[in-house]
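Letter by letter, the chains look like this.
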Amino acid sequence: MITTFRTGIAAAAIALSLATLDARQRPAGTQQPAPAAPEVFCNTMQAGALCPTGTVSVLKLSGPKVQQWLDAVNKYNESVLKASGQLKADARNILTPAQMAELNQWMDKGLNPEVNRLLASRTAH
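First things first, this report covers the structure right here in the doc. (Residues numbered from 1 in each chain as written. Predicted model: local features only at pLDDT ≥ 70, side-chain atom pairs only at ≥ 80, totals over all residues. Heavy atoms only, no water.)

1. Looking at the overall build of the chain
Alright, step 1. When helices and strands are counted, the chain shows 5 helices and 0 strands.
Alright, step 2. Residues classed as buried in the chain amount to 31% of the 125 residues present.
Alright, step 3. Put simply, 62% of the contacts in the chain that link residues at least 6 apart link residues at least 24 apart.
Alright, step 4. For the chain, the accessible surface area stands at approximately 8200 Å², while carbon and sulfur atoms represent 59% of it. (Helix = DSSP H or I, 4+ residues; strand = E, 2+ residues; numbered from the N terminus. Buried < 20%, exposed > 50% of the residue type's maximum accessible area, 1.4 Å probe, protein only. Contact = heavy atoms within 4.5 Å. Areas by Shrake-Rupley, 256 points an atom, 1.4 Å probe, with all protein chains shown as cover.)

2. Some details on the packing of helix α2 (residues 52-59) against helix α3 (residues 64-91)
Alright, step 1. It is the contact of α2 with α3, at a shortest axis distance of 10 Å, that shows an interaxial angle of 135°. Judged on the interaxial angle alone, α3 and α2 are oblique. Note on packing geometry: the crossing formed by α2 with α3 is right-handed. Counting all contacts with α2, which are made through Pro52, Thr53, Thr55, Val56 and Leu59, the residues of α3 involved are Val66, Trp69, Leu70, Val73, Asn74 and Asn77. (Axes fitted to C-alpha atoms, helices over the stretch in contact; angles between N-to-C directions. Parallel < 35°, antiparallel > 145°, perpendicular 65-115°, else oblique. Left-handed = near helix turned anticlockwise from the far one by under 90°.)

3. Some details on unusual backbone geometry
Alright, step 1. The phi dihedral of lysine 60 falls on the positive side, at around 55°, and the residue is not glycine.
Alright, step 2. Mapped onto the secondary structure, lysine 60 falls in the loop between α2 and α3.
Alright, step 3. Residue classification places lysine 60 among the exposed residues on the basis of a relative accessible area of 70%.

4. Comments concerning the pattern of salt bridges
Alright, step 1. Here the structure, examined in full by the defined rule, presents 1 salt bridge.
Alright, step 2. With its nearest N and O atoms 2.4 Å apart, the salt bridge here joins glutamate 114 to arginine 117. Here the residue glutamate 114 and the residue arginine 117 both occupy positions in helix α5 (residues 111-124), the gap between them amounting to 3 residues, near one helical turn.
Alright, step 3. The exposure class assigned to glutamate 114 is partly exposed, which follows from its relative accessible area of 41%. (Salt bridge = Lys/Arg side-chain N within 4 Å of Asp/Glu carboxyl O.)

5. Regarding α2
Alright, step 1. Every buried residue of α2 is listed here: Pro52, Gly54, Thr55 and Val56.
Alright, step 2. Structurally, α2 contributes buried residues whose contacts are with α3.
Alright, step 3. The first or second residue beyond α2 is lysine 60, which carries a positive phi of 55°.

6. Quick notes on the packing of α3 against helix α4 (residues 97-106)
Alright, step 1. One can describe the packing of α3 onto α4 by two numbers: an axis separation of 11 Å at closest approach and a directional angle of 175°. In terms of axis orientation, α3 runs roughly antiparallel to α4. Contacts between α3 and α4 pair Leu87, Lys88 and Ala91 from the former with Met100, Leu103 and Asn104 from the latter.

7. As for the environment of alanine 91
Alright, step 1. Looking at where alanine 91 falls in the secondary structure, it is placed in helix α3.
Alright, step 2. Taking relative accessible area as the criterion, alanine 91 reaches 6% and is therefore assigned buried.
Alright, step 3. Placed 12 residues apart in sequence, alanine 91 and leucine 103 show a C-alpha to C-alpha distance of 8.8 Å.
Alright, step 4. Beyond its immediate sequence surroundings of up to four residues, alanine 91 is in contact with Met100 and Leu103.

8. Remarks on the environment of serine 79
Alright, step 1. Within the element layout of this structure, serine 79 appears in helix α3.
Alright, step 2. Classification of serine 79 by relative accessible area gives buried; the value is 17%.
Alright, step 3. Taking the C-alpha atoms as reference points, serine 79 and alanine 49, separated by 30 residues in sequence, lie 9.3 Å from one another.

See the structure below:
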């Protein structure tokens, strides 16, 4: 249970760190055209959840490694979901409603496309 919780926290921290780093590196008022972002983190899933098929393509996996990878990613995604659910449950007794709303935004589905764009921009350089 603690390992699952730590995995989820680590995934959320990585996603937030990447998004923060990207925001700091962009000069204020400048817009860069967004490169086509491969879906590493699933756009339709919670922040930090990996996209099984997208990562297979990005990693160029083939043969039996594909199924092994898909199994590992599904296990990871379940851990992220469980850990974030546990964090939210624990936080209800600690945080104010406004702080809970902020926590929920950190884990929102909308962050994954941002992280994917950041990853794509880093590999384009």
